[in-house]
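Working through the structure, step by step
Chain by chain, the residues run as shown.
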Amino acid sequence: MLFIILVILDLLTLYLLFFLSYLIKVFFKIGVQFSFEFYITNLYWLPIFVVILLYFQGIYTNRFSFFEESYRIFRVLTIGLLSILAFALIYNVYAISRYMILVFWIFGSLFLTLQKYIFKRLIFKKGYFLKKVYIINSHQDYDFVKRIIIDNIYLGYKIVNDENLADDVILLNPAMDLKEISKLFKKYKNVKFAFAESGI
C-alpha cells in the first residue's frame, strides 16, 4: 500500500513541477514558445520515466536514511535528465525544451526530496506503515543501534522483542554460522546486516 501511495505522490509532484517549469519558461519568454498542451503531449512520459528510474534505485522498495534517499533521487534526476538532454541535442528534438528540463531537474532535486521528507516523517510519526524489526545477536552495541533506529524516524522502523512479529531482521555484528543465516533468509523477507561502527 505504501508503495502505491509513494508512486502516486511522486507522479503528482513531478507533473506539478513539469507545469511549473513551463510557467517559468513562458514568464521569462525563453526560446520558442509552445502551448502547455504541446509539451504535455510530447513529454507526458517524463515523470513516468523518472519514477521508473527511482524504482530501480530501490526508492519504493527499501528504507533509506534521508541523506541516502536524497542522494539517490539526485543521481536519478541528474543521469536521467542529462541522457534526455543529450538525446535532444544530438537529434535536435525541438519538442524537448532544454530550459524546461534544466528547471525540472533543479526543482525536482529540491521539492521531490522535500515532499518525501515531510510525508514520511508525518506518516511514520503517526505510526502508519512502520516496519517491525527484530534485532538478533544483540550485545553491548544494541543500545547504539537502537538509538539510531529510534532517532531516524525517516527509516520507518519499529523495534519489536518477538521475532515472530517482525517484518525485517537485523543481524547485529553477526557471529552466526552460514546455516543459521540461511534459515533467516528463508523465514524473513528482508534480513539486514548491521555493524555498530558504521550504523545501519
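Refer to the structure printed above.
This write-up is about the structure you can find in this document.

Here we take up the overall build of the protein chain. Summing up its helical and strand segments, the protein chain has 7 helices and 4 strands in all. Moving toward the C terminus, one meets the helices and strands of the protein chain in the order α-α-α-α-α-β-α-β-β-α-β. When each of the 200 residues of the protein chain is scored for burial, the buried share is 42%. The contacts in the protein chain between residues at least 6 apart in sequence include a share of 69% that link residues at least 24 apart. Here the protein chain has roughly 11700 Å² of accessible surface; of this, 65% comes from carbon and sulfur atoms.

Right, let's get into a nonpolar patch on the surface. On the surface, F3, I4, I8, L12, Y44, W45, I48, I52, Y55 and F56 cluster together into a nonpolar patch covering about 1000 Å² of accessible area. Listed by contribution, the elements that provide at least two residues to the nonpolar patch are α1 (2-27) and α3 (45-56). Sorting elements by how many residues they give to the nonpolar patch places α3 first, with 5 residues. On the secondary structure map, F3 appears in helix α1. Of the residues examined, F3 reaches a relative accessible area of 36% and is grouped as partly exposed.

This brings us to the environment of I40. Turning to its location among the elements, I40 is positioned in helix α2 (residues 36-43). I40 sits 55 residues away from A95 along the chain, and the two C-alpha atoms are 9.7 Å apart. Here I40 is in contact with Y15 and F18, once residues within four sequence places are set aside.

Right, let's get into the side chain of E69. On the secondary structure map, E69 appears in helix α4 (residues 66-91). With residues up to four places along the chain from it excluded, the contact list for E69 reads I59, F64, K116, K120 and Y154.

A rise of 1.5 Å per residue sets the reference length of α4, with its 26 residues, at 38 Å; its end C-alpha atoms lie 37 Å apart and thus fit the reference within 8%. Looking at the buried residues of α4, the elements they touch are α3 and α5 (98-125). Count one or two residues on from α4 and you reach N92, which has phi positive near 50 degrees.

A few words on the packing of aromatic side chains. For any pair of aromatic rings, the description consists of the separation of the ring centres together with the inter-plane angle of the planes. Per the counting criterion, the structure on display carries 19 aromatic pairs. Each ring, one from F66 and one from Y117, has its centre 5.0 Å from the other, and the planes form 70 degrees; the classification is edge-to-face. Here F66, found in helix α4, pairs with Y117, found in helix α5; they are 51 residues apart in sequence, far enough to count as distant. A relative accessible area of 31% means that Y117 is categorised as partly exposed. Chaining the aromatic ring pairs together yields one cluster made of F18, F19, Y22, F34, F36, F38, Y39 and F104.

With that settled, consider the packing of α1 against α3. It is at 9 Å that the axes of α1 and α3 come closest, and there the two elements cross at 140 degrees. The pairing of α1 with α3 is recorded here as oblique in orientation. Read as a crossing pair, α1 and α3 show a hand that is right-handed. From α1, F3, V7, D10, L11, L14, Y15 and F18 reach across to α3, where they touch L46, P47, I48, V50, V51, L54 and Y55.

Counting residues in hydrophobic clusters, the biggest one holds 34 residues, and the most contacted among them are L54 and F104. Elements supplying a minimum of two residues to this core: α1, α2, α3, α4 and α5. By residue number, the principal contributor to this core is α5, which donates 9 residues. Beyond its immediate sequence surroundings of up to four residues, L54 is in contact with D10, I59, Y60, I73, V76 and L112. V133, L155, Y157 and I170 belong to the second largest nonpolar core, which has 8 residues in total.

Where helix α6 (residues 142-151) is concerned, the buried positions are Y142, V145 and I149. Angularly, the buried residues of α6 cover 75 degrees about the axis, an arc narrow enough to put them on a single face. In α6, those exposed residues whose orientation departs by more than 90 degrees from the buried face are D143, I150 and D151.

Calculation notes
- Residues numbered from 1 in each chain as written.
- Predicted model: local features only at pLDDT ≥ 70, side-chain atom pairs only at ≥ 80, totals over all residues.
- Heavy atoms only, no water.
- Helix = DSSP H or I, 4+ residues; strand = E, 2+ residues; numbered from the N terminus.
- Buried < 20%, exposed > 50% of the residue type's maximum accessible area, 1.4 Å probe, protein only.
- Contact = heavy atoms within 4.5 Å.
- Areas by Shrake-Rupley, 256 points an atom, 1.4 Å probe, with all protein chains shown as cover.
- Patch = residues over 30% accessible without salt bridge, like charges linked within 9 Å, V, L, I, M, F, W, Y side chains within 5 Å.
- Salt bridge = Lys/Arg side-chain N within 4 Å of Asp/Glu carboxyl O.
- Expected span 1.5 Å × (residues − 1).
- Phe/Tyr/Trp six-rings, centres within 6.5 Å; stacked < 30°, edge-to-face > 60°.
- Axes fitted to C-alpha atoms, helices over the stretch in contact; angles between N-to-C directions.
- Parallel < 35°, antiparallel > 145°, perpendicular 65-115°, else oblique.
- Left-handed = near helix turned anticlockwise from the far one by under 90°.
- Core = buried A, V, L, I, M, F, W, Y, C linked by side-chain atoms within 4.5 Å.
- Arc of directions from axis to C-beta.

The analysis is restricted to geometry; functional conclusions fall outside its scope.
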